[in-house]
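Survey of secondary and tertiary structure
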Amino acid sequence: MELLKLENLSVHFQVRKGLFKTTPSKAVDGVSLSMNKGETLAVVGESGSGKTTLGRASLRLLKLTSGRIFFDGVDVTDLKDKELQRLRKRAQAIFQDPYSSINPFMSIREVLMEPLAIHKAAEGKEAEERVYKALADVKLTPEEEFAAKYPHMLSGGQRQRVGIARALILNPDYVVADEPVSMVDASSRAEILHLMRSLQQKYGITFLYITHDIASAKFFSDRIAVMYLGRIVELGSPNDVVKDPLHPYTQALIQAVPEPDPANRLHERKVIPGEPPTPTNIPKGCRFHPRCPSFMKSKCDVIDPSLAEVKPGHYVSCHLY
Ligand SMILES: Nc1ncnc2c1ncn2[C@@H]1O[C@H](COP(=O)(O)OP(=O)(O)OP(=O)(O)O)[C@@H](O)[C@H]1O
Ligand SMILES: [Mg+2]
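Because the structure is a prediction, the values reported are computed rather than measured.

1. Re the sheet that holds strand β10 (residues 231–236)
- Strand order in the open sheet made by the 8 strands is β6-β7-β8-β3-β9-β10-β14-β13, with mixed pairing throughout. With partners counted over all chains shown, the strands left at the sheet margins are β6 (91–94) and β13 (308–311), one partner each. Across this sheet, the average inter-strand angle for adjacent strands is 25°, counted without regard to direction.
- Two elements, β13 and strand β14 (residues 314–316), share 3 bridges in a ladder whose sense is antiparallel.

Shown next as structure tokens:
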């Protein structure tokens, strides 16, 4: 059963170029994707490939340039006000930065009460019980003790657990987790990923997991979509995409080496050779051709390949196949 369908979605930003000119930055540029109920789909790609934009657009948090979004069979592309609010209740986000995404002046109890109040989901004793249950779910116990704390009293990992509890307290059907562990201490990452995976399974949540780390995508997801310059270039099961990657970009991502300069090694990012993508200047033909080791003149720099199913369930957009 399908929960979410994105149809030819594009999000183009207008960015300043010089004093008077603007130029479109095609952050997401024609993405079609569908997710089944209870499925975890990982979106992987380098910085700037459009992962966050895609995730936010799928939640109707960004203005679409074109395309349509269907949620549980309903076209939600143009929903407004009350109806949009109803969608918000069912579709939640877990953000990257547990330090800036939680109001430092609110107690954990207040942080978790807030969505219940906004959506009039529960109040009084019932709300209190939902808060304790959410804290128990993310293993912040004793619950009463954690509810009374303030964010500065918690570690980064504990704050991110609060972020997860806040996203799940409304029993959403769909959750976008945008690099949820990249700013968390390396020692707590695996534990938090395991926790998210088990809650996702327990509650049958449809999960979009955004990461630049293809190894964690393999562990955490049922399918992997590889993004490059606003497009999906490969899509398939973790076995297909990680064990038998077909797109030269996916192969490069897997072979990527850690950033050589430790000062730039933000969240252990890896680098692949060649100029990183910039969506204000998308090359003609295949978007990856200027960096591609298998570049074929007069094909790759002319024709833009479309995503095609080359094996059952394994899609790739590349002239080699
Ligand atoms: N509000 C905005 N205005 C203009 N350009 C934007 C805006 N948001 C994103 N972009 C541009 O769109 C492109 C894709 O950005 P996005 O944040 O979606 O990438 P990402 O894959 O999430 O990268 P990262 O791994 O660094 O988080 C980037 O070139 C970015 O500069
Ligand atoms: Mg991002």
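Read on for the rest.
2. A look at the sheet that holds strand β5 (residues 74–75)
- Ordered in space as β2-β1-β4-β5, the 4 strands form an open sheet in which the pairing is antiparallel. Since the sheet does not close on itself, it has two edges, and those belong to β2 (21–36) and β5, each with one partner.
- With 2 bridges connecting them, strand β4 (residues 66–71) and β5 associate as antiparallel partners. By the bridge assignment, phenylalanine 71 is partnered in β5 with valine 74.

3. With respect to the site of ligand 1
- Ligand 1 sits among 14 residues. The nearest are Phe13, Ala27, Ser47, Thr52 and Thr53.
- Broken down by element, the residue count for the shell around ligand 1 peaks at 3 residues, all from helix α1 (residues 51–58).
- A per-class count over the shell around ligand 1 returns 4 nonpolar, 9 polar and 1 charged.

4. So, the packing of helix α6 (residues 156–168) against helix α7 (residues 186–203)
- Taken N-terminus to C-terminus, the directions of α6 and α7 make an angle of 15°; their axes are 11 Å apart at the nearest point. Of the possible angle classes, the one that applies to α6 and α7 is roughly parallel. Of the two possible hands of crossing, α6 and α7 adopt the one that is right-handed. Contact residues: Gly157, Gln160, Arg161, Ile164 and Leu168 in α6; Ser188, Ile192, Met196 and Leu199 in α7.
- When grouped by side-chain class, the residues that make up the contact of α6 with α7 number 5 nonpolar, 3 polar and 1 charged.

The rules we used
- Residues numbered from 1 in each chain as written.
- Chains lettered and ligands numbered in written order.
- Predicted model: local features only at pLDDT ≥ 70, side-chain atom pairs only at ≥ 80, totals over all residues.
- Pairing = 2+ DSSP bridges.
- Helix = DSSP H or I, 4+ residues; strand = E, 2+ residues; numbered from the N terminus.
- Axes fitted to C-alpha atoms, helices over the stretch in contact; angles between N-to-C directions.
- Near = placed C-beta within 6 Å.
- Nonpolar A, V, L, I, M, F, W, Y, C, P; charged D, E, K, R; others polar.
- Parallel < 35°, antiparallel > 145°, perpendicular 65-115°, else oblique.
- Left-handed = near helix turned anticlockwise from the far one by under 90°.
- Contact = placed C-beta atoms within 7 Å.

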